[in-house]
Structure formats: C-alpha cells, structure tokens
Amino acid sequence: MSTHTGGAPDAYGRPGLPPPPPDRPVTIAKERVNYLNVSYGVRSWLLTTDHKRIALLYLGAITVMFAIGGLFATVIRLELITPPGDMVQSETYNKLFTMHGVVMVFFFLIPSIPAVLGNFLLPIMVGARDLAFPRINLLSWYIYMIGAAFTMYAMIAGGVDTGWTFYVPYSTHYSNTHVVATGLGIFITGFSSILTGLNFIVTVHKMRAPGLTWSRLPLFVWSHYATSLIMILGTPVIAVTVLMVALERGLHLGIFDPALGGDPVLFQHLFWFYSHPAVYIMILPAMGVISEIVQGMSRKQVFGYSFIAVSSLAIAMLGFLVWGHHMFVAGQSTYAGLVFSGISYMVAIPSAVKVFNWTATLYKGSVSLDTPMLYAAGFIGLFTIGGLTGLFLAALGLDVHVHDTYFVVAHFHYIMVGGAIMGYLGGLHYWWPKISGTTYPEGWGRVAAIIIFVGFNLTFFPQFILGYLGMPRRYHYYPPEFQVLHVMSSAGASILAVGYLLPLVYFTWSMRYGKPATANPWDARGLEWEIASPPPTENFLVQPVVTDATYAYGAEEEAKIV
Amino acid sequence: MFSGFPLFPPQASTVAARVDALYFFLIAISTFFSILIATLLVVFVVRYRRRRDEDLPRPIHGSLALELTWTVIPLIIALGTFVWSADVFVSSRRVPPGAMQVYVVGKRWMWKTQHMTGQREINQLHVPIGVPVKLTMTSEDVIHSFYIPAFRTKQDVIPGRYTTIWFQATQTGTFHLFCAEYCGTKHSQMIGSIEVMEPSAFQSWLAGGATGSPAQEGEKLFQSLACITCHRADAQGRGPRLEGLFGRTVHLSGGQTIVADADYIRESILNPTAKVVEGYQPIMPTFQGLVSEEGIMQLIAYIQSLQAPGAEVVAPPGAGGIKLLPAGAPGAAASPAAGGAASPAPRTP
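Computed from a prediction, not measured in an experiment: that's the story for all the values here.

1. Quick notes on the overall build of chain B
Part 1: Within chain B one finds six helices and 12 strands.
Part 2: Counting the 349 residues in chain B, one finds 42% classified as buried.
Part 3: If you take every contact in chain B between residues at least 6 apart in sequence, the share linking residues at least 24 apart comes to 72%.

Here it is, written out as structure tokens:
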C-alpha cells in the first residue's frame, strides 16, 4: 500500500511527511511532536478525543481488570490443589469463580482488542484522522469506567456468587449476594460496547481514504467490522436480560419464576442469544490481529484475502444462530437440539478456512521469528485445538456427557486465553513500536511468549481429561482421584502468571528506556506503517491516497496464482 | 475406583460405549488436524525463515482449488459427525418400553429418590444391572443437573417441570452422581452414588425398608386433600374422571388437545385454570403450597395407576353430557378440592 504525500523522508525513514509547521521548529529538532507529547497533564488525557489516547486509557483500564481477574483465578487454582475445600469457604470460592468470569468476560475480553488495538489502529488503517465520532468514543470509555465502578462496588461490598451466567431462579430468588449491582455494571458497560461498534461501523463506511475500496481493507478492519455488527445487534439483548433479572429480583415479576408462571429456561435462551455471539466478539478481533501479524512477519500478501474477509462476516452471522448448543441438556426439545447442533457445525467451517489460509500465507514467505510471530503461531495452534474441541461439544450425544464439566472449561479457555489473549498480546507486541514509539526487548519478548505457551498448555490441557472423567465445573470440593490433574493445572497456572507479568514489566520499562522505534520496524505494509512512530495527533498530515492492493509486497507483476 | 490417577472414566451403561466411540473418533480427527497444522507451521517457519533482512518473497494471492478443498473436506467431516452424534443423542433420549420408574427430586443440596415400590433414598440410587431405568425429575428450588459420568448421561433438573433421563447399567459397582448445574453454596457437595446391583441382590434390597409405594402414598394424598370429592370414579363429580387418564389425549375448552402426561397433571394441580377440560368449569382451586414436589409425584403415580374399567373407546363428550353444578365460586365447595380442571372429560357412559 502506498500513499502520495508531500515532502522528503524524515529522520525515522518515514516517507513523505511535509516539513514541520513553522510555529514549532525548535522543539521538532529535538523531539518530534506526536500524540503522546503534544500536551501533558491529567486533563489532557481525561478530556482527550484522540482515538489513540482513548486507546491508551482503555489499555490502562483493562490491564487493571485483567490483573483483578487473574488474582481471582490464582486463588481458585491454589484452592484446587487439594480435593477438600480447605483454603476458602464455599461461599468465597463461588464468588471467586463468578467474579473471575464477570471481570474477564465483560471487562477484559470483550473490550480488549477492539477498544485498545481497534481504537488505535482502525482510523489509521482506513486513512482517517480519527473515528467518526471522537466524543462518543471518549463517552464510551467513561461508560465503561462507570460500569466497571458498579461491578467493583459489588465486589468490595461482598461479591456475587451466581456464576457469570446468572442462571435463574438462583440469581433471582436464592442468591443473597450483590446480583443487582453487578448486573447494572454489565448493563452499563454494554452501552460502551454498542457505542464502540457504532463508531467503527460508521468510520469504515464513511471515512476510508480515497482509493481504499472494500476489497483493499486490511483484514484487521474486516474483522472489527464483523465484530461491531455483533456488538450492535447482540449487546441490547444482554442488557434487557440483566434488566429483567434485576426487575424479577426486586419486584417478583414472574418472567422466569416457575411459581409465578415464568420459565427459567427462557432466561438461558436470552442469555446465550447474546453470550454465544459474544464469544465471537472476543475471538474475531484476535483473528484480525493474527491476519495482520502473519502477513507482516512473513512479508506476504495474506493467502485467500477475500475468503478470510468473508469468513469473518459468516462467523458473525452464523454465530447468532447457535446459542441453543449451550442448552442440549437444559430441557430444550430434542428437535431444537438437532437444529442448533447442525448450525454449530456450520460455524466451524469459516474458522477452519481462516486457519488454513494463515498457514498457507507462510508458504514461501520470508518468515521472521520475532515475538509477534511466536504469538501468532501459538494462536494458530491453540485456536486449532480450541476449535476442534468445539466439535466435541457441538456433538449432541457427546455433549450430554461433557456439558458443564471441565471439558467445557478447557475448551473455552483454549479459545479465550489461547486464542483471544494470545492475539491481544501478539498485537500489542506487533504494534508496540507504533503505539509507544519505543522498542520492547526482543529477547524477553520471545521468552515470555514461550513461557505463556508452555504454561497455558500445562494449565488447560489436563482439564480436557478431567472433564471427560466427569469433573463438573464450579466444584469447590472434588473427589480425590482428580487431584493429580488439578495439581498439574495449578502448576501450569503459576507458569502462566509469570508469563503474563513479564510483558507488563518490559513494556513499562521500554516506555522509559526502550530504543526509539522507526516508522516501519517490521518493514510491513499498511497505512499504519507509513506514519511516524508514535503517530502525530492528526495521524496523517496529508490525506493519504491508496493506489495498491492490501499487503502489496514486491512487484504486482511477480504475483503468482497457484 | 475412588482413587488413583485415572485418565478415562468407567464405562458402565449401554450408551457409554457409543459415546466413547464418538469421542475416540473426534480425538482421531483432532489429532490429525492439530498435527497437520503444527507440522505445516513448523516446516514453513523453518524452511522459509528470513535469512536476509531485505528478503522480499514473491506474492501469492491464493488458490480457489485449495480454498474449496479446505472448505469441503471439513464440511463433510462436520456433517458426518453431526449425523453420528445426533443418532447417539436421539436414541439416548428414547426411553425403551417397560423401563423401571424412579422419581427424583433435587433440592439444595441433596438428591431425593423414590422407587415405585416405596423405597426412598437420599444421595443414593440403587438400580439393577441390565434393566432400563427411567428417572422423572424435578427440582424444589433452583436448576440442578443429574449427572452420572460412568453412564455418560446428564439432564438438567428444573423447577416447575419434569425432565426425564434413562439408562441401562452394564456393570455393577458404585458410581459417582454429581450435580452438574451450579446451584449455590454447597453445589460441589450435592453429590451421591449410583449403586448398580445384580438383579437378585437388587430384589432383596428392595424387600427392605419400603414404605408405601408412590401410588399408595398418592392415594392417601388424594383422599386427604379431598381430590376425591370432585374427581369421582362414577363420573358424577364436578371434576373429570381420572381413571384411564394418563397418556390419553384430552380435549380442552377452547378446542386444543393435549396428551395427559406428568407435566400436564402437575400443571393442573398447581395452576388448574391454565388448561380446563372441555365441558367443565374452571372451579378447581390451586394446590400450590399445599403439596410438596414429592407429593405431586405421588399423586401422578396414583393417577397413572388408575385404569379405566373397560373403556378403551374414546368418545367426544356430548354437548350436554356433563352435569355440572352451577358455576358457583370455588369457595362454595365444601372441600378445598373443588374439582374442575386437571383431567379429561368423562368419556364413558
């Protein structure tokens, strides 16, 4: 992708930026003005409408949430080293796994890639100065923080113990914990998700640079477009669902309570109607990140570009039709089970197509083994296992056995942690030079990626075996024959924890001591690599015009169709 | 079996072997594709690693043939797995005729089971080997899930309705019973055991400790709750006759029909006006709060035991064939069991 911009290459090798504006000639000689140093002070951050600064606000917030969620997981894994519940009370244990789920799903995974990397990169990738609605973008961060504050309040005030799934009638009539405050937190945060999705969709439609046709959009943008559709269409459903739970709890309306003529299974339909597509909110952006990393680190046009782009949309659409596969043994009719199982197998196909295309992209490439590529390779491997074990769960006769066991826990952690978080970390490393303008220590980056991969597998692979043995999820006490596998899992979790701490340390370190980054450290293609690192507030000093296909490495006439 | 380091659960029911076959098939598929992808990744990364920093490979845009290949082959595998797993599922749902009945009530945090011969158990269930056993289950409070890993079977137990599950044990011994749906503080202690016994041992176990059978208990309840004053066997009551009702198609006022199963009878006891039999007035009061879940199951067992005396022919009720009291308020009835709903119209002369 190339741009037509004026001026000579600057000190960092950026092509074509015009000479500095005459009013800041002195500072620019020492330090170029960019979005980070353009202004200082708390106000300049809390009132910013710059999508890049908002991305960093989100980065800070979700890092804190990830740490909190991880802390809960640590206590859970420590408790499960021994079969009896001897470290915390059962009430506490139940609150721990509930809050781990609530924090990780609603306050980390759902906003993670879209709100941080998407916010930062999507406008740049489409050649825009900012998102379509910069102030709504800031609003969405504040809404997220208010929602998080409600949930934090609920946790400090005593926590919530319903499981992140809030199944009725337990959540409406039996739980004595802070269900309403937590639910309100999720309700409020949902609006932040909706606003982000809205902003992305409008930006992609209306603000693409001249020449940036739909068929030239980076795959990261395609996957965020698909994600935004789910955010807009799905999130209102979870909002009304948690609202109904709150109303039923407060006013005894009888929507779900069988004693009043309600239907407890109705709640599960509503809940999964959002929460299954939400899985794709978490994984689709990661898929976009992997597409970018794979092309950037192998310097090759992504194999089967249009198939990857279309598969994102296919996943977004089919993803809305499979919620009933969470309910095969929940009292749903056999025929409904058959339909949902069938469609679940359909939604596996576009994911498989992506995996094959990423792998094929490396063929005859120039593959770098730097940290982002390690994460991408880890993602492809773990996502393959996560996706294939999804076939076990979509298989009706088999799901009856493994439903609500550790097999499910292992499966969704392979997708969410092995997939979404590997994608998130890979993306952070890949774009860190662009975001921070500094270089992280490559050696430490590789070490951390390998530690995370090993720790992850040791933590979650034993859980597949545990699940098939029949170990139910959310068990505080467990039969002694499961102990060996639980100890392995806890040991893996301690390795994983070290792996997650390392990037936190060296990213922070690099902000101060890291070498300055060049505009295009990977020599990759894409509009974001044609502007300085870190970018100026206005991203592009001159409107870019796109003249080439996406990921145009090498001369087009050399292109080979196999 | 409650110790050691197992990697595979005991296989103790007729369904277990079929589920395991599916499991091993999917493991084979998963292993194949995981190794394929991992091998390709490693080979490509090593073979095409960047040797010089300025390397710029020739672009390759894609291949329609390859795209079709890796769309169609997974699709065929997926559809095949779907059909296979659906077959296992559907047959695991179809209860064989003549299955032994057991009632199960889930309650935080225990399982209460009752055999048709009257034995009650808590957190335990004794069953004979080689006999299909059907469980009819409900919950007194939140959603639970009845899970026997060794039988590869599980079903949520839901308040306000009945769910069923069946199995046929193929191995004697003691097996885990877990609650698999999170139900609150002591969820992980809502566990028990399934004792599979030789038929002779089961018979002698059955001989001890029986109270009245559910049907007998149900008959007592039927009298003490004064159901009998309206639901009279001689078809002269204000409520429909219950003899021969169970399993029959019932015509409701409003023209619908419904098969009189356990759920229908339960609803008719707790919410009598929801479905009123054609030709009857909605005068029956609710028994919500007057009878426990186990009591309702016993009433159902009793109603199920009532055979219609020589009345297989089902005739639609004549327009004026029902003699009802004037539509008096339920309060006018002498007993709390003023009849009305809950059963088909009398079909015999």
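After that view of the structure, there is still more to cover.
2. What to know about the overall build of chain A
Part 1: A count of helical and extended segments in chain A gives 16 helices and zero strands.
Part 2: At 24 Å, chain A has a C-alpha radius of gyration in line with the 24 Å of a compact globule built from 562 residues.
Part 3: Projected onto its principal axes, the C-alpha coordinates of chain A cover approximately 75 × 55 × 40 Å.

3. Quick notes on the pairing of strand β6 (residues 144–148) of chain B
Each regular strand carries side chains that alternate between the two faces of the sheet.
Residue and element names in this part refer to chain B.
Part 1: Along β6, five of the five residues are buried, which leaves the element largely enclosed by surrounding structure.
Part 2: Because side chains alternate across β6, one face comprises the buried residues His144, Phe146 and Ile148, and the other comprises Ser145 and Tyr147, equally buried.
Part 3: When β6 meets strand β7 (residues 153–157), the two strands line up antiparallel, connected through five bridges. Bridging across to β7, tyrosine 147 finds its partner in lysine 154.
Part 4: Linking two consecutive strands that pair antiparallel, namely β6 and β7, is a turn of four residues; a positive phi of about 55° is found at arginine 152 within it.
Part 5: Taken together, the two bridges between β6 and strand β9 (residues 173–179) define a ladder with antiparallel strand orientation. Counterpart to phenylalanine 146 in the pairing with β9 is cysteine 179.

4. A closer look at the sheet that holds β6(B)
All names here are of chain B.
Part 1: Pairing is mixed across the open sheet formed by five strands, whose spatial order is β4-β10-β9-β6-β7. Looking at the sheet topology across the chains shown, the edges are occupied by β4 (124–128) and β7. Averaged over neighbouring strand pairs, the angle between their axes works out to 20° when direction is ignored.
Part 2: Across five bridges, the pairing between β4 and strand β10 (residues 192–197) is parallel. Note on β10: the bridge partner recorded for leucine 125 is isoleucine 194.

5. Observations concerning the interface of chain A and chain B
Part 1: Taken together, the contact between chain A and chain B spans 82 residues of the former and 79 residues of the latter.
Part 2: Put simply, the parts of the chain that give the side of chain A that touches chain B at least two residues each are α4 (90–125), α6 (170–174), α9 (264–298), α10 (305–318), α11 (334–362), α12 (371–394), α13 (396–402) and α15 (442–469) of chain A.
Part 3: At 15 residues, α11(A) tops the list of elements feeding residues into the side of chain A that touches chain B.

6. Observations regarding the pairing of β10(B)
Residues and elements named next belong to chain B.
Part 1: Only one face of β10 is buried, namely the one carrying Gly192, Ile194 and Val196, since none of Ser193, Glu195 and Met197 on the opposite face is buried.
Part 2: As defined by bridge partners, β9 adjoins β10 across five bridges and the pair is classed as antiparallel. Paired with glycine 173 across the two strands is valine 196, which belongs to β10.

7. Quick word on the nonpolar core
Nonpolar side chains tend to gather and get buried jointly when the protein is soluble and globular.
Part 1: Ranked by size, the top nonpolar core spans 271 residues in total, and within it A:Ile290, A:Ala376 and A:Ile380 carry the most contacts.
Part 2: The biggest single contributor to this core is α4(A), with 22 residues.
Part 3: Shared between two domains, this core takes at least three residues from each, and those domains are domain 1 (100–207) and domain 2 (214–313) of chain B.

8. Focus: the environment of A:Leu212
Part 1: Along the chain, A:Leu212 falls in the loop between α7 (179–206) and α8 (219–251).
Part 2: With sequence-adjacent residues up to four places away left out, A:Leu212 is seen in contact with A:Val126, A:Gly127, A:Leu217 and A:Val546.

9. Quick word on the domain arrangement of chain B
Residues and elements named next belong to chain B.
Part 1: Taken as a whole, chain B is organised into domain 1 (100–207) and domain 2 (214–313).
Part 2: Computed from C-alpha atoms alone, the centre-to-centre distance between domain 1 and domain 2 is 26 Å.
Part 3: Every contact between the two is made by 10 residues of domain 1 and, on the other side, eight residues of domain 2.
Part 4: Of the residues assigned to the side of domain 1 that touches domain 2, the class counts are four nonpolar, three polar and three charged.

10. Notes on the packing of α4(A) against helix α5 (residues 134–156) of chain A
All names here are of chain A.
Part 1: Taken N-terminus to C-terminus, the directions of α4 and α5 make an angle of 165°; their axes are 12 Å apart at the nearest point. Regarding the angle of α4 to α5, the classification is roughly antiparallel. Where α4 crosses over α5, the handedness of that crossing is left-handed. Taken together, the residues of α5 that come into contact with α4 (itself represented by Met99, Val102, Phe107, Pro111 and Asn119) are Asn137, Tyr144, Ala148, Thr151 and Met155.
Part 2: Residue classes in the contact of α4 with α5 are distributed as seven nonpolar, three polar and no charged.

11. Observations concerning helix α4 (residues 214–224) of chain B
Part 1: Turning to α4(B), its buried residues are B:Pro214, B:Ala215, B:Glu217, B:Gly218, B:Glu219, B:Leu221 and B:Phe222.
Part 2: Along its buried surface, α4(B) packs onto β1 (100–107), β2 (110–115) and α6 (293–305) of chain B.

12. So, helix α16 (residues 483–513) of chain A
Part 1: Over its 31 residues, α16(A) extends 45 Å from the first C-alpha to the last, a length consistent with the 45 Å expected when each residue adds 1.5 Å.
Part 2: Buried residues of α16(A): A:Leu485, A:His486, A:Ser489, A:Ser490, A:Gly492, A:Ala493, A:Leu496, A:Gly499, A:Pro503, A:Tyr506, A:Phe507 and A:Ser510, and no others.

13. Thoughts on unusual backbone geometry
Part 1: Of note, the amide linkage connecting A:Ser533 to A:Pro534 takes the cis form, showing an omega dihedral of -15°.
Part 2: Of note, A:Pro534 is situated in the segment after α16.
Part 3: For the peptide bond that leads from B:Arg108 to B:Trp109, omega is -5°, which places it in the cis range.
Part 4: For B:Trp109, the location among the structural elements is in the loop between β1 and β2.
Part 5: Located in the positive-phi region is B:Asn123, a residue other than glycine, with phi close to 55°.

14. Overview of the environment of B:Val277
Residue and element names in this part refer to chain B.
Part 1: Within the secondary structure layout, valine 277 lies in the loop between α5 (262–270) and α6.
Part 2: Judged by the 26 C-beta atoms lying within 10 Å of it, valine 277 is buried.
Part 3: Residues valine 277 and glycine 239 lie 38 residues apart in sequence; the distance between their C-alpha atoms is 9.0 Å.

15. Overview of the environment of A:Val417
Residue and element names in this part refer to chain A.
Part 1: By the secondary structure assignment, valine 417 is in helix α14 (residues 406–436).
Part 2: For valine 417, a count of 21 C-beta atoms within 10 Å translates into the label buried.
Part 3: A sequence separation of 134 residues divides valine 417 from isoleucine 283, and the C-alpha atoms of the two residues are 9.8 Å apart.

16. Details of the confidence of the model for chain A
Part 1: Model confidence for chain A is summarised by a mean pLDDT of 91, while 93% of its residues fall at 70 or above.
Part 2: pLDDT under 50 marks residues 24–29 of chain A. Its contacts with residues more than four places away, or in other chains, come to five contacts.

17. Let's talk about the sheet that holds β2(B)
By way of backbone hydrogen bonds, the strands of a sheet pair with one another, either parallel or antiparallel.
Residue and element names in this part refer to chain B.
Part 1: Spatially, five strands are ordered β3-β2-β1-β5-β8 in an open sheet, and the strand pairing comes out mixed. For this open sheet the edge positions go to β3 (120–122) and β8 (163–168), each flanked by a neighbour on one side alone. Recorded for the sheet is a direction-independent mean angle of 25° between the axes of neighbouring strands.

18. Some points on the confidence of the model for chain B
Residue and element names in this part refer to chain B.
Part 1: Taken over all residues, the pLDDT of chain B has a mean of 84, while the share at 70 or more is 86%.
Part 2: For chain B, the element scoring lowest by mean pLDDT is α4, at 86; β6 scores highest, at 97.
Part 3: Confidence over residues 311–349 falls short of pLDDT 50; this stretch has 95 contacts with residues more than four positions distant or in other chains.
Part 4: This prediction of the complex comes with two scores: 0.86 for pTM and 0.88 for ipTM.

What counts as what
Residues numbered from 1 in each chain as written. Chains lettered and ligands numbered in written order. Predicted model: local features only at pLDDT ≥ 70, side-chain atom pairs only at ≥ 80, totals over all residues. Helix = DSSP H or I, 4+ residues; strand = E, 2+ residues; numbered from the N terminus. Buried ≥ 20, exposed ≤ 12 C-beta atoms within 10 Å, placed from the backbone. Contact = placed C-beta atoms within 7 Å. Rg over C-alpha atoms; globule rule 2.2 N^0.38 Å. Pairing = 2+ DSSP bridges. Axes fitted to C-alpha atoms, helices over the stretch in contact; angles between N-to-C directions. Core = buried A, V, L, I, M, F, W, Y, C linked by C-beta atoms within 7 Å. Domains from an automatic or database assignment. Nonpolar A, V, L, I, M, F, W, Y, C, P; charged D, E, K, R; others polar. Parallel < 35°, antiparallel > 145°, perpendicular 65-115°, else oblique. Left-handed = near helix turned anticlockwise from the far one by under 90°. Expected span 1.5 Å × (residues − 1). pLDDT = per-residue confidence, 0-100.

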